[in-house]
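Chains, contacts and geometry: an overview
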Amino acid sequence: MSARMADLTRVPLVPRKRGAMRDAGFNGSTPYVAADTGIDTLSGFLPSNRAPDAEILPGRDRITARARDLGRNNGWAAGAISKEVDGVIGANFRPLLKPDWRALGLDPEWAQEFKEQAEARWRLHADDPRRYCDTTRAQTMPQLFGSAYRTYILEGEAIALVNWRRLRPFKTTLRLVDPDLLSNPYDAADEERRRGGVEITRDGVAAAYHFRQGHRDSAWPNVAEAMSWKRIAREGLNGRPQVIHFYDKLRDGQTRGVSRLAPIVERLRMEDHYSRVELQAAVINAILAAFIKSPMGPEMMDEMFGDGGDAKAFLQYQGERAAFYNGRGGVKLGGARVQTLYPNDEIGMVSTARPAAQFADFEAAVLRHIASGLGISYEQLASDWSKTNYSSARAAMIEIWRGWTARRVAFAQGFCQLYFMAWLEEQVLDGHIELPRGAPDFHTFWPAYARAKWIGPGKGFVDPVKEAQAAAMRVALGLSTLEEEAAELTGTDYAENMEQIGREITAMPDGMLHPAQESFAKLLGPAPAAPNPSPED
């Protein structure tokens, strides 16, 4: 009997799943929480480890299509992309030539002369309003670089061909290529040595590229071009670049880039949908601001339309009301005047509950997440500086500028510099820029001859006076140079500035100082007084 009672009162044992011990505060099934599959919050989070191209290539087209759509139709995405392109590339992205005269065994005087001559020729080529630098003659060189960088943000990579057009003033030209055209011939499956249209050597070097000759989704029939491919080697026989392919290589074995918007596509889409719904609700509230309330309640309606009811009385009542309002031009709320209502009618107002009280804070939180994914600040993304002071604005600018500088250097070295090297080769081999007698072979020391620092728009100022004084102090202490400060703060070439200032000083009337002379005197402070001569002197 006692055993039977014990069975009835025994608490049933519920089988515990793996990881429940960790949920209860005890040790789990693995040393690392991140690897424990029994935790409720991680039980369904089971991504797989795949090769880089196995992760990117199957879904790359879908990611790119969604990123392009956001770039076209989402204001936050379009604004963020434009801000980064303007900050990294700007309107006059150009090289500041710095030939490595020590590596070449030449003197600095030659380096300065070579620099001035090459940069003058580059300006003729890059800024020509006839746009001969572009194979399609649609953009100047800075505009080409800006378009390439925009493509890199949206699609994860920028691709261009270095063409040769012998009838143009400068034979070397640049042709931007839509990344959609880089694909395996006949849309074949990826292989070990050819993936995403890129031929790969045993060492993992991209040796050649296969380009579709026409987009497969054109608005006109082009079946022949869409189903034909052209193979172009990465470089010519002498190492001259023929295909420029720039992307962020995040893992070894990766051959194609992925959109930088990929981590935030879902957030951008959801935020866009949420703000659209809020806007629609606000519009509906504005349209339905007021209504006329009839005294006919449920009891009266049931009496009229119930068993034995006479609907003619209701129709007559409604007709009289309509005639009453039509004869008086309807009910108007304009001019702060309400017309006479039909007997027993009332005016009702719709409560304006839109936008919701928490809408602004919630949207700001979402935009902060999006801004972090894009590498910019919330204030830049939303253009909301209402809660920003000098210190926070300065800190945000430093953080953002550090990231933009890294991207500018990477893009300049991986995309722009390759084209500049090809262009400089033409200038040297055609005799437009002469090398001194006994100079090292150009192709052997190609990088030393073409060494350059690319400058774009300056960082700008939060407080111009303080930052100009800080720049002067850095130069005075040997922490920076005037050339670096001019490039970073204003995006200008210091040598060009000095030449222009020299001409302006020469043109100043006698006895009048140029503002630059006065400014330097103020920044450096009064000169130290000369020591009094001793009697022995």
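Below is a short write-up of the structure. (Residues numbered from 1 in each chain as written. Predicted model: local features only at pLDDT ≥ 70, side-chain atom pairs only at ≥ 80, totals over all residues. Heavy atoms only, no water.)

1. Notes on the overall build of the chain
The following threshold applies: Only runs of H or I of at least four residues qualify as helices and only runs of E of at least two qualify as strands under DSSP, and these elements are numbered from the N terminus. For every residue, the accessible area (1.4 Å probe, protein chains only) is compared with the maximum for its type, and the residue is labelled buried under 20%, exposed over 50%, or partly exposed between those bounds. Only heavy atoms matter for contacts: two residues are in contact if any of them lie within 4.5 Å across the pair.
Of regular secondary structure, the chain possesses 19 helices and 11 strands. A burial count over the chain gives 35% of its 537 residues as buried. Long-range pairs, those at least 24 residues apart, make up 63% of the contacts in the chain with a sequence separation of at least 6.

2. Describing the packing of aromatic side chains
Rules: When the centres of two rings from Phe, Tyr and Trp lie within 6.5 Å, Trp using its six-membered ring, the rings pair. Their planes under 30 degrees apart give stacked, over 60 give edge-to-face, and anything left gives tilted. Working rule: Lys NZ or Arg CZ, within 6 Å of ring centre, within 35 degrees of ring normal, means a charge sits over the ring.
Applying the stated criterion across every chain, the model contains 24 aromatic pairs. With a centroid separation of 5.4 Å and 70 degrees between ring planes, the pair formed by Trp122 and Phe420 is classed as edge-to-face. With Trp122 in helix α6 (residues 108–126) and Phe420 in helix α14 (residues 390–429), this residue pair connects regions lying 298 residues apart in the sequence. Each member of the pair, Trp122 as well as Phe420, carries the same accessibility label: buried. Between Arg368 and the ring centre of Tyr378, over which it is positioned, the NZ or CZ distance is 4.4 Å.

3. Some remarks on the pattern of salt bridges
Worth spelling out the cut-off: A carboxyl oxygen of Asp or Glu within 4 Å of a side-chain nitrogen of Lys or Arg is what we treat as a salt bridge.
The final tally for this structure, using the stated rule, is 25 salt bridges. Within this structure, Asp61, Asp187, Arg212 and Arg216 form a network of salt bridges that share partners.

4. Considerations on the pairing of strand β1 (residues 94–97)
Counted only if it meets this: By this definition, two strands are paired if DSSP reports at least two bridges between them.
By the alternation rule, side chains of β1 split into Arg94 and Leu96 and Pro95 and Leu97, which are all buried. The pairing of β1 with strand β11 (residues 452–455) spans four bridges and is antiparallel. Its bridge partner being in β11, Leu97 is matched across the sheet by Ala452.

5. Quick look at helix α3 (residues 52–73)
We count it as follows: To estimate the expected span of a helix, count its residues, drop one, and scale the result by 1.5 Å. The quantity called bend is, for any residue, the angle between two axes fitted respectively to the seven residues ending at it and the seven beginning at it.
The end-to-end C-alpha separation of α3 is 30 Å, in line with the 32 Å expected for 22 residues at 1.5 Å each. The sharpest bend along α3 measures roughly 60 degrees and falls at Arg60. Turning to α3, its buried residues are Pro52, Asp53, Ile56, Leu57, Arg60, Thr64, Ala67 and Leu70.

6. Focus on the side chain of Asn163
Worth spelling out the cut-off: Pairs of N or O atoms within 3.5 Å make up the polar contacts considered here, provided that, within protein, one atom can donate a hydrogen while the other can accept it, and that residues adjacent in sequence are counted only when both atoms are side-chain atoms.
Structurally, the position occupied by Asn163 is in strand β2 (residues 157–164). Of note is the side chain of Asn163, whose polar atom sits 3.0 Å from the side chain of Thr135. Excluding anything up to four places from it in sequence, Asn163 contacts Thr135, Lys171, Thr172, Thr173, Arg175 and Arg240.

7. Structural notes on the packing of helix α7 (residues 141–155) against α14
Put simply, the test is: Axis lines are fitted through C-alpha atoms, for helices just across the contact stretch, and the angle between N-to-C directions can take any value from 0 to 180 degrees. For classification, angles of less than 35 degrees are called roughly parallel, those exceeding 145 degrees roughly antiparallel, those between 65 and 115 degrees roughly perpendicular, and all remaining angles oblique. Crossing handedness is defined as follows: a turn of the near helix away from the far one that is anticlockwise and smaller than a right angle gives a left-handed crossing, while the clockwise case is right-handed.
Taken N-terminus to C-terminus, the directions of α7 and α14 make an angle of 125 degrees; their axes are 12 Å apart at the nearest point. Classified by the angle between their axes, α7 and α14 sit oblique to one another. When you trace α7 past α14, the crossing you get is right-handed. Residues Met141, Phe145, Ala148, Tyr149 and Tyr152 of α7 form the contact with α14, whose own contacting residues are Arg407, Phe411, Phe415, Cys416 and Tyr419.

8. Thoughts on the sheet that holds strand β8 (residues 243–247)
Taken together, the three strands give an open sheet; going across it, the order is β3-β2-β8, and neighbouring strands pair in antiparallel fashion. Every other strand in the sheet has two partners, leaving β3 (172–177) and β8 as the edge strands with one partner each. Here the strands of the sheet are splayed against their neighbours by 25 degrees on average, with no regard to which way each runs. Running at roughly 25 degrees to β3, α7 makes contact with β2, β3 and β8 of the sheet.

9. Side note on the packing of α6 against α14
Quick reminder of the rule: Each residue gets one of three labels, nonpolar for Ala, Val, Leu, Ile, Met, Phe, Trp, Tyr, Cys and Pro, charged for Asp, Glu, Lys and Arg, and polar for the others, Gly among them.
Packing of α6 against α14 leaves a shortest axis separation of 11 Å and a crossing angle of 105 degrees. On the basis of the axis angle, α6 is roughly perpendicular to α14. In this structure, α6 contributes Phe114, Ala118, Arg121, Trp122 and His125 to the contact, and α14 contributes Tyr419, Phe420, Trp423, Leu424 and Gln427. Residues that form the contact of α6 with α14 fall into these classes: seven nonpolar, two polar and one charged.

10. Examining the sheet that holds strand β7 (residues 229–233)
Where strands meet in a sheet, backbone hydrogen bonds hold them as pairs that are either parallel or antiparallel. With respect to topology, four strands assemble into an open sheet ordered β4-β5-β6-β7, the strand pairing being antiparallel. Of all the strands in the sheet, the pair left with one neighbour each is β4 (194–195) and β7. Looking at chain direction, strand β6 (residues 206–212) and β7 are connected through five bridges and run antiparallel. Of the residues in β7, the one forming a bridge with Ala208 is Ala233.

11. As for the nonpolar core
Put simply, the rule reads: The nonpolar core is taken to be a set of buried Ala, Val, Leu, Ile, Met, Phe, Trp, Tyr and Cys residues, with the residues joined through side-chain atoms within 4.5 Å.
Residues Trp122, Met141, Phe145, Leu174, Phe411, Phe415 and Leu424 are the most contacted members of the largest nonpolar core, which totals 69 residues. In terms of residue count, the dominant contributor to this core is α14 (14 residues). Every residue in contact with Phe411, bar those within four places of it in the chain, is listed here: Ile89, Phe145, Ala148, Tyr149, Ala158, Phe246 and Cys416. If you look at the next biggest cluster of nonpolar residues, it comprises 12 residues, including Val177, Leu182, Tyr209 and Val243.

12. So, the environment of Ser147
As for its position among the elements, Ser147 is in helix α7. Between the alpha carbons of Ser147 and Leu176 there is a distance of 8.4 Å; along the sequence they are 29 residues apart. In this structure, Ser147 is in contact with Gln139 and Leu176, ignoring residues within four places of it in sequence.

13. Notes on the pairing of β2
In terms of burial, β2 is largely enclosed, as seven of its eight residues are buried. Alignment of β2 against β8, held across five bridges, turns out to be antiparallel. The residue of β8 that forms the bridge with Ala158 is Phe246. Strand direction decides the pairing type here: β2 and β3, joined by six bridges, are antiparallel. When the bridges of β3 are listed, Trp164 appears paired with Thr172.

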